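The chain contents come next:
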Amino acid sequence: MSRIKSVSAIEILDSRGRPTLLANCELSDGSFGRASLPSGASTGSAEAHELRDRDPARYAGLGCLKAAENVSQEINRAIAGGVFASQQALDRCLVDLDGSDKKSRLGANAILSVSLAFARAQAAQRGVALYRQFADIAGTVPRLPRPMINLYSGGLHAGGQVAIQDVQVVLPGAITMSETLAVVSDVFRSAGTRLLKKYGMRLLTADEGGLAPPFASSREMFVEAVRAIEAAGYAPSDDVVLTVDVAASHFYKDGAYHLDGERLDSAGMVDRIDEWRRDFPIVSIEDGLDEADWAGWSTLHQRLRGHVMVLGDDLLCTNPARIRRAIAEKAADSLLLKVNQIATLSEAAEALRLARAAGWHVVLSARSGETEDDWLADLAVGWAGDYIKVGSITQSERLAKYNRLLELEHYARLTF
């Protein structure tokens, strides 16, 4: 049982210089928790609603003063002095208080900030690490997730110079997190050196720290990724493999996929993805088709099943109803879990349970706009994610999560 003394929030800035929330939760015994929130650029239409101020004179309308006020005023009045037996009890109270579709009245950002800060306060009250608090919420056995680490970026995470959003690297046989990061550092440096010679300039990086050169096509991204791995002294397929975030919803227009100067229908997009899978050491395809192309997703899953993970992000939006539909229609076999898509830990835990019950893989994911808060690392460990997707090995808001994973590996003796 935890009695809440007060909750409050202020507006802060994320890694893109856009407003987000930092929330505080104090319990009656003095236990304290705080959490700051990420925000996505590549968002699905079914995501819970971030409340923004829409004042064009301030942060181009993206301010979060109203969401912060909702935490400090209405939510605080409703829950201060209340006793909550569990995370589920608090989250249910928050959802009922909002009472709107997609949590649009109080704001998904206001609700999630309180949900996370309460979890941290409860961990402090119990004297346990945050990952153990998260594990108890979901009923899971903690373990380290294997990182998917950004190498190249395009789409909405970069300048749109190439349509697909991210190519990441994974070490399938690595024994430790420290080994993983050391090898990825070699590959990232190799890629930068190659591209510096090719383009004659220091390359810009994308929102999540991936390199963002002006590739001529998606295929060139894959070719360069393989060459960077080889130039670093590692074997593609054996030592290092690739995962891909296609983010196809963002280049789907007028009933077709506009990719690399071509106009592809759903069947043509499936063929193109299968071609990539056969030609390159790809082990996961995320959002290969538009979020509304359910029939195409079923075809894609049938084609790729047993070869690569068919990973749903915009398709699923960490939404239990959409996950149930995807299971029924055999549209995917892996969940990209982003807590701010659904806005409470309890609902995200339900999404996790549904995916696990279906035998799916689960990838815990950051967003393109992040803060230096490291709660995602604890969540991925506590919820026993198969993978964690944070971004590249540059930029402090990304490194905060990787460094927390290194800390848990060393001190908590956690393993993959």
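Residues numbered from 1 in each chain as written. Predicted model: local features only at pLDDT ≥ 70, side-chain atom pairs only at ≥ 80, totals over all residues. Heavy atoms only, no water.

A. Summary view of helix H1 (residues 65-79). An ideal rise of 1.5 Å per residue puts 21 Å on 15 residues; H1 measures up with 20 Å between its terminal C-alpha atoms. All buried positions along H1 are accounted for by Ala67, Ala68, Asn70, Val71, Ile75, Asn76 and Ile79. Each element contacted by the buried residues of H1 is listed here: strand S1 (2-13), strand S2 (19-27), strand S4 (83-84), helix H2 (87-98) and helix H3 (108-126). At the exit of H1 stands Gly81, carrying a positive phi of roughly 90°. (Helix = DSSP H or I, 4+ residues; strand = E, 2+ residues; numbered from the N terminus. Expected span 1.5 Å × (residues − 1). Buried < 20%, exposed > 50% of the residue type's maximum accessible area, 1.4 Å probe, protein only. Contact = heavy atoms within 4.5 Å.)

B. Summary view of helix H5 (residues 177-199). Over its 23 residues, H5 runs 32 Å from end to end, which matches the ideal 33 Å to within 8%, given 1.5 Å per residue. If you check which residues of H5 are buried, you get Met177, Thr180, Leu181, Val183, Val184, Val187, Phe188, Ser190, Ala191 and Leu195.

C. Representation of the pattern of salt bridges within the structure. With the rule as written, the count across this model stands at 34 salt bridges. The partner of Lys198 in a salt bridge is Glu220, with the nearest N and O atoms 2.4 Å apart. With Lys198 in helix H5 and Glu220 in helix H6 (residues 218-231), this pair connects stretches of sequence that are 22 residues apart. For Glu220, a relative accessible area of 15% puts it in the buried group. (Salt bridge = Lys/Arg side-chain N within 4 Å of Asp/Glu carboxyl O.)

D. Fine view of the nonpolar core. With 95 residues, the main nonpolar core has Tyr152, Ile164, Met269 and Trp383 as its most contacted residues. With eight residues, the top contributor of residues to this core is H5. The residues touching Ile164, leaving out its near neighbours within four places in the chain, are Gly154, Gly155, Ser218, Met221, Phe222, Val244, Asp245, Val246, Phe251, Leu259 and Trp276. Within the second largest apolar cluster, 24 residues are counted, among which are Val71, Phe84, Leu90 and Ala117. (Core = buried A, V, L, I, M, F, W, Y, C linked by side-chain atoms within 4.5 Å.)

E. Highlighting the packing of helix H9 (residues 320-328) against helix H10 (residues 345-357). Two elements in contact, H9 and H10, have axes whose closest approach is 9 Å; the angle formed by their N-to-C orientations is 10°. Between H9 and H10, the angle falls in the class roughly parallel. Across the interface between the two elements, Pro320, Ile323, Arg324 and Ile327 from H9 touch Glu347, Glu350, Ala351 and Leu354 from H10. The residue makeup of the contact of H9 with H10, split by class, is five nonpolar, no polar and three charged. (Axes fitted to C-alpha atoms, helices over the stretch in contact; angles between N-to-C directions. Parallel < 35°, antiparallel > 145°, perpendicular 65-115°, else oblique. Nonpolar A, V, L, I, M, F, W, Y, C, P; charged D, E, K, R; others polar.)

F. Examining the environment of Asp29 more closely. Topologically, Asp29 is positioned in the loop between S2 and strand S3 (32-36). For the pair Asp29 and Gln125, spaced 96 residues apart in the sequence, the C-alpha separation amounts to 8.0 Å. Here the side chain of Asp29 touches Ser31 through a polar contact of 2.9 Å, side chain to side chain. At 3.1 Å, the side chain of Asp29 and the side chain of Gln125 are in polar contact. (Polar contact = N/O pair within 3.5 Å; in protein donor to acceptor, adjacent residues only side chain to side chain.)

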